[in-house]
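# Structural overview
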Amino acid sequence: MKIAIIDYGAGNIRSLQFALERLGVVGELTSDPELITKADKVIFPGQGAAKSAMLKLKAHGLDLLIPQLKQPVLGICLGMQLLCDYSEEGGVKGLGIIEGKVRRFSDRVKVPQMGWNKISKTQTALFQSINEDEFMYLVHSYFVPILPETIAISTYDTPYSVALNKDNFYGVQFHPEKSSKPGQKLLQNFLNLTV
Amino acid sequence: MLTKRIIPCLDIKDGRTVKGINFVNLRDAGDPVELARQYADQNADELVFLDISATEQKRKTLADLVLKVAAAIDIPFTVGGGISSVDDVAILLQNGADKVSINSAAVKNPELINECAAQFGSQCIVIAIDAKKINNQWKVHLVGGKVPTELDLFDWAKEVAQRGAGEILFTSMDHDGTKGGFANAALARLSDEVNIPIIASGGAGDINHFVDTFTLGKADAALAASIFHFGEILIPELKQKLKQQDIAIRI
C-alpha cells in the first residue's frame, strides 16, 4: 500500500511516520502531485497557524490538488480544520471541502486545549473497535463546530467536532499518532478504508 | 472532559538517564528509551526529557535520543535543557519531539518565544520557570535555579503567555525535593492570572499531593521524577486514586 503524507513543512511528521511503521507501512513525505494522486491513501498533517499553512499549500499548488483527490484522505489536527471553508485563525479561506467555519475557543477555558479528552463517536468505519468514551490526545486553540459531517464529538468549553467525514475525506482533530493504542487503532482503520 | 495529566520527568546526561531508577524488569535502567516505553505502558499521559549534560556533543546526542524515543512510544513528549535558538527547536521537533521546553534562554532573550511560536506554533512551546520565594516574593531563577533574577514569577508568566508560549512548567525551588507537596497557592494564582495550561513541578511526595495540586492548585498537569523512578508511587495506582477523588483522569 502506498501512503503519501503531504509535505508542506508542517511540524512533527516523524511521529506520524513512526506510527505508520509500527503498523507495517511506510508513509512517504511528498509534495509531488503525481505521487500524491497515485497513492492509495493520503494523510494531510498539520501544525502551526492556518494562514501560513494555506500559503505553503498554495505555493505547491496543493490547495487545488487536495480537493480533487479520490482516494481516502485523512486530515490531522490543522489538516482537519483546513478541510473546512474558513478559519477564524488569521481569517483565511480553507480548502472548502466541508462547509463550516473554524472558531477559537473562548477565554472561559485555557487556550490551547492540551491533553487527553474523551470522545464520543458515531458508528463509522474510521472508529471501528474503538470504545465509546475513549481518550485521544489533543492540542489546539481553534475548533470545528458540530456539522452535518461530524462523526465524533468532544467537549471543551462547548461540544465540537473531533472527527469529520465527507465522501473520501476524513479529518481528526486529535493526534492518532500520539494517542496510544486507540490512536493506533484509528490509523489502522483508516488504512483499511476503501472508497 | 479534558483530563489532568501525569508527567514523569527523566533527567538525561550524555544520552543516558541519571538519578535513581528502581524499576523491576528493566534490562538497562540507564536507557531512556526503555524507561519511556515503561511509562507509556503504565498510562503516563506525557513524558519530559531534561538534558542536563554540558558536553559539546550534547545537541547531536539529544537529537539522536529524541528520534529513538519517537520511534518507540506513542504518547507525547517534551524535550528541554539548554535550548537557546530557533535552530535548536527545529532539530528537536523534526526528530519527533512534540514540544520543547525553554528556560534560561527565554529570560535572556524573550523575543525567542515570539520567534518560536510564530515558526512552530504555540502548542509546542513550553516555557519552564524555576522560582523561589525571597522576602515573600516569587523570584525567577536561572541555570537550574542557581542564578536569581529580579523577575517576578507572575509578571514573567503573563509575559511568556502574551509572547506565545503554549504552556508553563512551573517548578517551585522551595518545594522541589522536599516531598512535602506542590506550591499550590502560587500555582492557583498562576492559573487565575494566565490563560494557558500550567504544569506543577516540585514537591510531590505522596498521592494526596497530586489531589491537592489538581484541586487547590488548579494545575492542569503534575510532573515528578524520583517518586516515580523509585516506584514510591505507581502511576496506575495514582490514577485510580485520583479518579476516586472525582478528578478527571485518563485510566
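Keep in mind that this is a model prediction, so the values were computed, not measured.

Thresholds applied
- Residues numbered from 1 in each chain as written.
- Chains lettered and ligands numbered in written order.
- Predicted model: local features only at pLDDT ≥ 70, side-chain atom pairs only at ≥ 80, totals over all residues.
- Heavy atoms only, no water.
- pLDDT = per-residue confidence, 0-100.
- Pairing = 2+ DSSP bridges.
- Helix = DSSP H or I, 4+ residues; strand = E, 2+ residues; numbered from the N terminus.
- Axes fitted to C-alpha atoms, helices over the stretch in contact; angles between N-to-C directions.
- Contact = heavy atoms within 4.5 Å.
- Core = buried A, V, L, I, M, F, W, Y, C linked by side-chain atoms within 4.5 Å.
- Buried < 20%, exposed > 50% of the residue type's maximum accessible area, 1.4 Å probe, protein only.
- Buried area = accessible area lost by both parts, 1.4 Å probe.
- Salt bridge = Lys/Arg side-chain N within 4 Å of Asp/Glu carboxyl O.
- Polar contact = N/O pair within 3.5 Å; in protein donor to acceptor, adjacent residues only side chain to side chain.

Here we come to the confidence of the model for chain B. When pLDDT is averaged across chain B, the result is 93; 96% of the residues are at 70 or more. Among the scores for the predicted complex, ipTM is 0.94 and pTM is 0.95.

On to the sheet that holds strand β13 (residues 169–172) of chain A, then. Residue and element names in this part refer to chain A. On the basis of which strands lie adjacent, the open sheet formed by nine strands has the order β2-β1-β3-β4-β13-β12-β11-β8-β9 and mixed pairing. Strand pairing shows two members of the sheet lacking a second neighbour, β2 (27–30) and β9 (134–140), which therefore form its edges. Across the sheet, the mean angle separating the axes of adjacent strands is 30 degrees when strand polarity is ignored. Taken together, the four bridges between strand β1 (residues 3–6) and β2 define a ladder with parallel strand orientation. In the sheet register, Ala-4 faces β2, and the bridge partner there is Glu-28. With respect to the sheet, helix α1 (residues 14–22) is in contact with β1, β2, β3 (41–44) and β4 (73–76), its orientation differing from that of β1 by roughly 170 degrees.

All right, on to the nonpolar core then. Counting 84 residues, the largest nonpolar core has B:Phe77, B:Ile102, B:Ile127, B:Phe170, B:Phe210 and B:Phe228 as the members making the most contacts within it. When residues in this core are grouped by element, the largest group, six residues, is from helix α2 (residues 58–72) of chain B. In this view, B:Ile127 contacts B:Ile102, B:Ala106, B:Ile113, B:Trp156, B:Val160, B:Ala165, B:Glu167, B:Ile168 and B:Leu169; residues no more than four positions away in its chain are not counted. Membership of the second largest hydrophobic core comes to 37 residues, among which are A:Leu20, A:Ile76, A:Ile119 and A:Val172.

A separate point is the interface of chain A and chain B. By a widespread convention, an interface's size corresponds to the accessible area lost as its parts come together. Each partner contributes to the interface: chain A provides 29 residues, whereas chain B provides 38 residues. Between chain A and chain B, the buried area comes to about 2,600 Å², and carbon and sulfur atoms account for 52% of it. Of all residues in chain A, the largest losses of buried area upon contact with chain B belong to A:Lys110, A:Met114 and A:Trp116, amounting jointly to 29% of the total for that side. In this assembly, chain A and chain B are joined by three salt bridges. For B:Asp74, the salt bridge goes to A:Lys181, with nearest N and O atoms at 3.5 Å. At the boundary of chain A with chain B, the tally comes to 16 residue pairs in polar contact (both at pLDDT 80 or more). When contributions to the side of chain A that touches chain B are tallied by element, the ones reaching two or more residues are α1, β8 (113–121), β9, β11 (150–156) and α6 (180–192) of chain A.

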